[in-house]
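# An overview of the molecular structure
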Amino acid sequence: MEKFPQSVIDVMTAGGATVTCLPVQLEEPAEENSASEEVCWQSAVFFRLGGNESTRDIRLLRSGSKAYGVGIETDIIEHENASVVMLRLQLFVQPDDPLIGEVLLTPGGAETHYEVLGLLGNQQTLTWFCSDQEYNLIHQQQQPLSDEWRQEFLALRAESFKRDAILRLAGKYSAQTAFAEIVSNYGLR
């Protein structure tokens, strides 16, 4: 059975995350006149499911190849030490009880986080990957990203980066402090 890439597993394990959004290399389908597939970088969503509360979701994701409804909400948390971009991701495997995860990004402090938002602002689709507890791939799907969404991701990146530049000038910038304080308020249900 195919697993998440080891680099994704390492990031999720290190952070204790059950959902993340990371830049990955995806193969683009070959065009009619092209002999090979083109490899490009895109941001992708990775959901890891586990525990008794996810049994039904895992079964549904494994059994079907259909695309489920998705939802994305965004916000900038203006911490005194850094801007933290929040992506609230929903996958409606069960319409009355969607999978929900929040990804926190510090675009002014982590180059990868800045890159994630830049890629989201330029790519045409967003790929979602779901795994079981052992990181075995159980479902994947793509959703189109409208111009409106791409502009939103670029605006989030620009606004947070600008705010962080001001915090740096004031000597208050610390992405690690902001991230740690915000994460300390999270817990698994």
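Look up: the structure comes first, before these words.
Reading the values: rules and limits
Residues numbered from 1 in each chain as written. Predicted model: local features only at pLDDT ≥ 70, side-chain atom pairs only at ≥ 80, totals over all residues. Heavy atoms only, no water. Helix = DSSP H or I, 4+ residues; strand = E, 2+ residues; numbered from the N terminus. Rg over C-alpha atoms; globule rule 2.2 N^0.38 Å. Buried < 20%, exposed > 50% of the residue type's maximum accessible area, 1.4 Å probe, protein only. Contact = heavy atoms within 4.5 Å. Core = buried A, V, L, I, M, F, W, Y, C linked by side-chain atoms within 4.5 Å. Arc of directions from axis to C-beta. Axes fitted to C-alpha atoms, helices over the stretch in contact; angles between N-to-C directions. Parallel < 35°, antiparallel > 145°, perpendicular 65-115°, else oblique. Left-handed = near helix turned anticlockwise from the far one by under 90°. Nonpolar A, V, L, I, M, F, W, Y, C, P; charged D, E, K, R; others polar.

### Notes on the overall build of the chain
For the chain, the count of helices and strands is 5 helices and 7 strands. In terms of overall size, the chain behaves like a compact globule, its C-alpha atoms giving a radius of gyration of 17 Å where 189 residues would be expected to give roughly 16 Å. Across its three principal directions, the C-alpha atoms of the chain cover 55 × 50 × 30 Å. Burial analysis of the chain (189 residues in total) assigns 45% to the buried set. Taking the intrachain contacts of the chain between residues at least 6 apart in sequence as the baseline, contacts between residues at least 24 apart amount to 60%.

### Some thoughts on the nonpolar core
One finds Phe47, Leu61, Leu89 and Leu120 to be the most contacted residues of the largest nonpolar core, which totals 28 residues. By residue number, the principal contributor to this core is strand β4 (residues 83–92), which donates 4 residues. Those residues in contact with Leu61 that lie beyond four places of it in its chain are Leu49, Tyr68, Leu91, Val93, Leu99, Cys130, Ile138 and His139. Counting 12 residues, the second largest nonpolar core, distinct from the first, contains Phe4, Val8, Val24 and Tyr135.

### Some details on the environment of Ile100
Residue placement: Ile100 occurs in strand β5 (residues 99–105). Overall, Ile100 belongs to the partly exposed group, its relative accessible area being 43%. Separated by 19 residues in the primary sequence, Ile100 and Leu119 have C-alpha atoms spaced 22 Å apart. Setting aside chain neighbours within four positions, we find Ile100 in contact with Phe47, Arg88, Leu89 and Gln90.

### Some points on helix α5 (residues 175–183)
Residues lying three or four places apart along an α-helix face the same way, a consequence of the helix completing one turn every 3.6 residues. Looking only at α5, the buried set comprises Ala175, Ala178 and Ile182. The buried residues of α5 occupy an angular sector of 70° when projected down its axis, which confines them to one face.

### Quick look at the packing of helix α3 (residues 111–120) against helix α4 (residues 147–169)
Contact pair α3 / α4: the axes reach a minimum separation of 7 Å and the direction vectors enclose 150°. When the axis of α3 is compared with that of α4, the two are roughly antiparallel. Our pair here, α3 against α4, has a crossing hand that is left-handed. Contacts from Tyr114, Leu117, Gly118 and Leu120 of α3 reach α4 at Arg150, Phe153, Leu154, Arg157 and Phe161. Looking at side-chain class alone, the contact of α3 with α4 contains 6 nonpolar, 1 polar and 2 charged residues.

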